[in-house]
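# A closer look at the structure
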Amino acid sequence: MINHGPVDVVVLVPLSNLDYGHYAVQLAAGHDDPTLTAVHVRDGRTKDTMLAEKLQRMRQECEHHGVQLVVHLLPRVGRSPLDAIRSAVPEGPEHYLVCGTRAQGRGRGFLNGTTSEQLLRSGHCNVLAVRVVQPGLLGSPRRLLLPVTERSGGFRSGLPFLRLFGPQVSHLHIVLVARVGRGRFRVLSHEGSERLRSPGQAYCERVEREIVEQLGLGSKVMDAQVVVSDEIPREILIAANKTKSRLIYMGASERNLPQRFLYGSPIEQVLRDATCDVAIYRGIA
Amino acid sequence: MAAAQIHEVAASDVLGLLRSRSGGLTAFEVEARRHEVGPNRLQPPSRWRWLRILAKHFINFFSLLLYLAAIVCFVADAIESGMGMGLLGWALLGVAVLNGLFAFAQEMRAERAMEALRRFLPQRVRVCREGTEREVLADDLVPGDVLLLAEGDRIAADARLVETEDLLVNNAPLTGESRSQPLKTGAAKGRLIDSPNIAFAGCSVLRGNGTAVVFATGHRTELGKIAALSRDVRRPLSPLQRETNRMVRVLTLIAVVMGLIFFAVGVASGRSLWINIVFMLGIIVANVPEGLLPTITLALSMASLRMAKKQVLVKTLEAVESLGAVHVICTDKTGTLTRNELAIAAMVDPIQGLPIQAPTALRPLLKAALIASEVRTGMSPGDSAPHWSGDPIDVALAQRYAELFGPPDAILAETRRHFPFDLAKRREAGVFANGTEVLFAIKGAWESLRPLIGQPILSLIAVTLGIGYFLEGLVTFIWPASTAGFGDKHIFPRDVIHIGPAVVSQEYVWVMVICIVIFLLLTLFFRFHKMGIAMRATADDQMAVQACGIPVTRVFSTSWMFACVVAAIGGVLISSIGSISHGLVDTGLKAFSVVILGGLDSFVGAVVAGPIIGLAESYGGGYLTRFLWAGVRDIIPFLIIIIVMVIKPYGLFGEKRIERI
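Residues numbered from 1 in each chain as written. Chains lettered and ligands numbered in written order. Predicted model: local features only at pLDDT ≥ 70, side-chain atom pairs only at ≥ 80, totals over all residues. Heavy atoms only, no water.

## Here's the deal with the overall build of chain A
Using the following cut-off: What counts as a helix is a DSSP run of H or I of at least four residues, what counts as a strand is a run of E of at least two, and both are numbered from the N terminus. Remark: exposure states derive from per-residue accessible area (1.4 Å probe, protein chains only) relative to the maximum for the residue type, with buried under 20%, exposed over 50%, and partly exposed in between. Contact between two residues is taken to exist if any of their heavy atoms lie within 4.5 Å; hydrogens are not considered.
Secondary structure summary: chain A contains ten helices and ten strands in total. Here chain A, with 285 residues, has 58% of them falling under the buried criterion. The contacts in chain A between residues at least 6 apart in sequence include a share of 81% that link residues at least 24 apart.

## Here's the deal with the pairing of strand β1 (residues 9–12) of chain A
Residues and elements named next belong to chain A. What counts, and what does not: If DSSP finds at least two bridges between two strands, the strands pair.
Where burial is concerned, the two faces of β1 agree: the one with V9 and V11 and the one with V10 and L12 are both buried. Strand direction decides the pairing type here: β1 and strand β4 (residues 92–100), joined by three bridges, are parallel. Paired with V9 across the strands is Y96, a residue of β4.

## Things to note about the packing of helix α3 (residues 81–88) of chain A against helix α4 (residues 115–122) of chain A
All names here are of chain A. Heads up, the rule is: All axes here are fitted lines through C-alpha atoms, helices being fitted over the stretch that makes contact, and every angle between N-to-C directions spans 0 to 180 degrees. Each angle receives one of four descriptions, namely roughly parallel if under 35 degrees, roughly antiparallel if over 145, roughly perpendicular if within 65 to 115, and oblique otherwise. Crossing handedness is defined as follows: a turn of the near helix away from the far one that is anticlockwise and smaller than a right angle gives a left-handed crossing, while the clockwise case is right-handed. Any residue that is not Ala, Val, Leu, Ile, Met, Phe, Trp, Tyr, Cys, Pro, Asp, Glu, Lys or Arg is counted as polar, Gly included; the first ten are nonpolar and the last four charged.
Between α3 and α4, the least distance of the axes is 10 Å, while the angle of their chain directions is 50 degrees. It follows that α3 is oblique to α4 by the angle criterion. Handedness of the crossing formed by α3 with α4: right-handed. For the pair formed by α3 and α4, the contact residues are P81, L82, I85 and R86 on the first element and T115, Q118, L119 and S122 on the second. Grouping the constituent residues of the contact of α3 with α4 by class yields four nonpolar, three polar and one charged.

## Focus: the confidence of the model for chain A
Threshold: The quantity called pLDDT is the predictor's confidence in a given residue, expressed from 0 to 100.
Per-residue confidence for chain A gives a mean pLDDT of 83; residues scoring 70 or more make up 92%. Scored below 50 in pLDDT, residues 1–6 of chain A makes 13 contacts in the model with residues more than four places away or belonging to other chains.

## Let's talk about a nonpolar patch on the surface
Residues and elements named next belong to chain B. As a reminder, the rule being used: Patch members must show over 30% relative accessible area and no salt bridge, and they are joined within 9 Å when carrying like charges or within 5 Å when they are nonpolar side chains of Val, Leu, Ile, Met, Phe, Trp or Tyr. Each accessible area is a Shrake-Rupley result for a 1.4 Å probe, and residues are judged covered by the shown protein chains and nothing else. When a carboxyl oxygen of Asp or Glu is within 4 Å of a side-chain nitrogen of Lys or Arg, the pair counts as a salt bridge.
A cluster of nonpolar side chains, namely V463, I467, F470, L471, L474, V475, F477, I478, W479 and W560, defines an oily patch on the protein surface of about 1000 Å² accessible area. Among the elements that line the nonpolar patch, the one with the most residues is helix α16 (residues 457–478), at eight residues. Locating L471 in the fold gives a position in helix α16.

## Observations concerning the interface of chain A and chain B
Selection rule: In this description, buried area is defined as the sum, over both parts, of the accessible area (probe of 1.4 Å) that is lost when the two are combined. Any N or O atom pair separated by 3.5 Å or less is treated as a polar contact, with the protein-specific requirement of one donor-capable and one acceptor-capable atom, and with residues adjacent in sequence counted only for side-chain atom pairs.
Of the residues lining the interface, 47 residues belong to chain A; the matching set on chain B comes to 47 residues. Across the interface of chain A and chain B, roughly 4200 Å² is buried in total on both sides, 46% from carbon and sulfur atoms. One salt bridge connects R142(A) with E8(B), and the closest N-O pair in it is separated by 2.4 Å. Joining chain A to chain B, the criterion identifies seven residue pairs in polar contact (both at pLDDT 80 or more). When contributions to the side of chain A that touches chain B are tallied by element, the ones reaching two or more residues are α1 (21–29), α2 (48–64), α7 (190–215) and α8 (232–242) of chain A. Considering each element in turn, the side of chain A that touches chain B owes the most residues, six residues, to α8(A). Split into classes, the residues belonging to the side of chain A that touches chain B amount to twelve nonpolar, 17 polar and 18 charged.

## As for unusual backbone geometry
All names here are of chain A. At L138, a position not held by glycine, the phi torsion is positive, near 55 degrees. With respect to the secondary-structure elements, L138 resides in the loop between β5 (125–131) and β6 (143–148). A relative accessible area of 3% places L138 in the buried class. Unusually for a residue other than glycine, R142 sits at a positive phi of about 65 degrees. Following the sequence through the fold, R142 ends up in the loop between β5 and β6. Taking relative accessible area as the criterion, R142 reaches 17% and is therefore assigned buried.

## A closer look at the pairing of strand β3 (residues 68–74) of chain A
All names here are of chain A. For the record, the criterion: Orient the strands so they point away from the viewer; a crossover is then right-handed if the path from the first strand over the helix to the second runs clockwise.
Of the pairings in the sheet, the one linking strand β2 (residues 35–41) to β3 comprises seven bridges and is parallel in character. From the neighbouring strand, H40 faces β3, where its bridge partner is L73. For the crossover that starts at β2, traverses α2 and ends in the parallel β3, the hand is right-handed.

## Focus: the confidence of the model for chain B
Across chain B, pLDDT averages 80, with 88% of residues at or above 70. The ipTM for the predicted assembly is 0.82, set against a pTM of 0.60.

## Here we look at the sheet that holds strand β12 (residues 438–444) of chain B
All names here are of chain B. The strand order across the open sheet built from three strands is β10-β11-β12, with neighbouring strands paired in antiparallel fashion. In the strand order of this sheet, the two ends are held by β10 (415–422) and β12, each with one partner. Taken over all neighbouring pairs, the strand axes of this sheet differ in orientation by 10 degrees on average, direction set aside. As paired strands, strand β11 (residues 427–433) and β12 are joined by seven bridges and run antiparallel to one another. By the bridge assignment, R427 is partnered in β12 with G444.

## A look at the environment of F262(B)
Residues and elements named next belong to chain B. When you line up the elements, F262 lands in helix α8 (residues 239–268). In sequence terms F262 and F279 are 17 residues apart; their C-alpha atoms lie 7.8 Å from each other. Apart from the residues lying within four places of it in its own chain, the contact partners of F262 are F279 and I283.

## Section: the nonpolar core
In plain terms, the rule: The nonpolar core is taken to be a set of buried Ala, Val, Leu, Ile, Met, Phe, Trp, Tyr and Cys residues, with the residues joined through side-chain atoms within 4.5 Å.
Ranked by internal contacts, the top residues of the largest apolar core, which has 90 residues, are L36(A), F155(A), I211(A), I248(A) and Y249(A). In terms of residue count, α1(A) provides more of this core than any other element does, six residues in total. For I211(A), the contacting residues outside a window of four places in its chain are L146(A), F155(A), L159(A), L162(A), L172(A), I174(A), G216(A), L217(A) and M222(A). Within the second largest apolar cluster, 44 residues are counted, among which are L18(B), V136(B), F215(B) and A227(B).

Here it is, written out as structure tokens:
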């Protein structure tokens, strides 16, 4: 087991040029005596020179932000790197793991079948899978869009990583898409739409309260909107564009396999079409 | 160190943070990055998208009905030619195709917005790669590329400047700002879009040159985001389209039900199945409004032509409908002149039209307005004043209250229930209860609030009649004799004059002349005087007049004054011909029938209807008295009122009004 520093942010060493490592550095940098642990599972495909260059750049960035970088190169255990990562990263809600998505979907999806997806599903620790669309943000989006769905547990799952983002957040736009069937949506009256919005508005207010209480963010930085639509991903993308959000911060899908088969995965569509960075979280409350 | 975005870091750090170097990327790096981010171009719509749009407009419910109708016509023509059914079939088919093509053309025009944006990007750019300067296709740019900018260049990707020499760019394609912006390399604070060290895709270099490192390409650029928004945003149906669709659905349902009923009746009466089917389809087709869509299109086209003559260019036909509902267009570029915030400049009494300034009146008014509002307050660290969020009008109310009377937190906390703004009723409301006081407040458009307050028009009529009866009783009390005359002192001479074969008393001529003079004076007054115009406007739409700030109560008072003066003159004139009696009041009721026959809002109508009523009363009285009873002439004007109300409720010259409900 690796010995972690006071702030336990772990990052899987990014090999892509669209570098989510910026996010890991920024998340680790917002705390006293910050430490970032970079983990890489050797798979035999990544050249040592390339890995060394990546780590060198990460080390420079960490120095720039006053973050101590600890590197762990792990041997592969079994067929999947998942076991090696799980054995290296402690289990529990106080540990944060940052990973990435595929750089290109190319018919397979960005998250579908990746180690990041397995980590998100494992509930091992708090996991954030980031797709970087805007390298110029350097992991500092500040303007976040939070697509939420009505869950009995509220926004608890999103709080751990949002707490790390907290110091840099300037705007937090909460959006809840109340989904209706396509046929109904086409003939939905204004009054009908308002009726559907009301419970969503109450839920958004609850999320706002939760964020204010838990993270101490002022209500000035937050706003919420409820949209009635027949297409959730499309409305999220429109909201992101309209609010000029730099990061879509959304929860991992709770749908099981048959549901995903029937309704598809909104996350994949958002990952594919977003013009800003996308972060998929699964927090352990 | 604080978190920073690319525009906030020093120019010397940019290359390292974007994983590049001053000599540019290597071919291997470029290839790897292009593999990850794709080519630097705005994502074109799917190749087959136009086919999907075409299919959508040709295979919709209404088109299918038209096809079905055409098929029925062709079948009928084949069974019995020479009835012109074939021609009708072709006409229906033509309508369906034309409708489809027109809608397709409209939607494709919207699709071309993307093409227009793509034209902002250049074909080729100069970059530095592997230590040498070269020209490459703009599509080949990747994040980390070192871009060389010179005067006249169009910028192909979003890039952070690291070197500049008197660089001036035109950002109008992105921001709409017409003024050129000088760019520099120093770190900048604030939003990326406002940053002076970023060269944005689609913009052009007006002067100087510079070196920049690309950090966003294709749909990741700010221009790409605009393109994505124009692609993704929903274009809802216009109210006219929604209503048309609804009407078509209802009519089709009726047609189908009728067709099925006739089919059942046919089967029951023993006709052949084939005849019944054809008959049923015929009924359905006959009742479906095939010509509706072409008619609407034609009407909108004609409207757009008329607007073109008035210097208004309508590019989308649906816009005609929206423009038709607009009274005033206020345009502004938010961010330059306005901040998307509202502030209360003055509060005005809608009845008197005067500003409310007394705190004793302002406080309850603002309190009521706040009860019917939905605002939230919050205090962020470092803020000296609370921050309000909600609808801009509600926020303005809260701010005004806070300025005048301190924080309205107690009012907001004790507002127990809020009824959100209802688009149809155009108002919202709230219930306030603090244990000692319970208030229900409504806030909204004046037109929707006015009916809730004040006296209804019926009460005014009732009061008028009541005062009339009171005065009549008073007169009877003071002058018990039923009639009185002027004796020998006549107002007008009673000598007769000859007009052709007619012999007329001069007093009649004088009365007529005075009536004509009064008529002309009143016409001029109502047409040109400010108060006359206000009186006509009040009669036309009281609530709109109040909304414009015209003091309606003053208009009412003046109207009553005028009515009294005109009635007094009328009374004097009538009594000068005959005698003064209590029965003069009934003449007023006869005048009412004149107004009804001529039209309530028509002066000319009153002039024409007066002689008609007079002649009808005289001749009717003369002839009918022989057969009926003596006083029958007195009911003739009221019979005419009844007939007019049934046949022509707006009178002979009254303006017909169609009210939207």
